[in-house]
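Chain and residue survey
The primary structure of each chain is shown beneath.
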Amino acid sequence: MTIRIGDEAPDFTAASTEGPLHFHEWIGDSWAILFSHPKDFTPVCTTELGYMAKLKPEFDKRNTKILGLSVDPVSNHQAWAADIQETQGHAVNYPMIGDDDLKVAKLYDMLHPNASGGARTAMDNATVRSVFIIGPDKKVKAMLVYPMSAGRNFDEVLRLLDSLQLNAKHTVATPVNWRPGEDVIIPTSVSDEEAQRKYPDGFKTLKPYLRVVAQPK
């Protein structure tokens, strides 16, 4: 199946390093980030999993749960976790799904639907390099897909999450390279009259379609 922004994130049950995981139930009232890997004991992914463990306190502050996935059994994940802690300095502190039957990878359109499980190389699983940001309403808010060779920028994922959560709370948009605390954009769906009521301290109109205002608190 093809997943698009705004779709309900497919629900599933899978084995994980923290026991059986029922995805929608696990998300609960939180936001969630599902990020996947082509195989255990792969170099780029080792650095990514360690960095996400380092960032976890930042995601916790944002009421966001982290969930990793790799197309290998959970038993392999537990051995890989030791390597991650040794080489990256941070122990994996979030669940990792074992997806050796490719069920979740196919459900989320990470692999060709005709792909089969069993003995596979990382190159066989090359498209399993995806990130999904999912809201408390279980809807997909954003997606990123990376090639095998390029490590993902999880600082950008955190920045994107900040933008999505700000929009969900205040119905604003964020400009290019926005960082928390910087001015934001009033969407064109909000009239000038509505904007004046919403922002009594004023806003700046650069063009009728481009209005900026201080980030709401």
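From a predicted model like this one, the values you see are computed outputs, not experimental measurements.

1. So, the side chain of E48
Mapped onto the fold, E48 is located in helix α2 (residues 43–61). Residue classification places E48 among the buried positions, given a relative accessible area of 3%. Residue contacts for E48: discarding those within four places in its chain leaves H37, R129, A150, G151, R152 and F154.

2. Digging into the sheet that holds strand β10 (residues 210–213)
The three strands lie next to each other as β8-β10-β9, forming an open sheet whose pairing is antiparallel. Each of the sheet's edge strands pairs with one partner strand only, and the pair in question is β8 (184–186) and β9 (204–207). Averaged over all pairs of adjacent strands, the angle between their axes in this sheet comes to 40°, without regard to strand direction. Bridge count for β9 against β10 is three bridges, and the pairing is antiparallel. Within β10, the position partnered with K204 by the bridge is V212.

3. Describing the sheet that holds strand β5 (residues 96–98)
Spatially, β5-β4-β3-β6-β7 is the arrangement adopted by the five strands of the open sheet, whose pairing is mixed. Strands with a single pairing partner mark the edges of an open sheet, and in this sheet they are β5 and β7 (140–145). Across this sheet, the average inter-strand angle for adjacent strands is 20°, counted without regard to direction. Relative to β7, strand β6 (residues 130–134) runs antiparallel, the two being bridged by five bridges. Pairing of F132 across the sheet is with M143, part of β7. Together, β3 (31–37), β4 (64–70) and β5 form the strand contacts of α2, whose direction differs from that of β3 by roughly 175°.

The rules we used
Residues numbered from 1 in each chain as written. Predicted model: local features only at pLDDT ≥ 70, side-chain atom pairs only at ≥ 80, totals over all residues. Heavy atoms only, no water. Helix = DSSP H or I, 4+ residues; strand = E, 2+ residues; numbered from the N terminus. Buried < 20%, exposed > 50% of the residue type's maximum accessible area, 1.4 Å probe, protein only. Contact = heavy atoms within 4.5 Å. Pairing = 2+ DSSP bridges. Axes fitted to C-alpha atoms, helices over the stretch in contact; angles between N-to-C directions.

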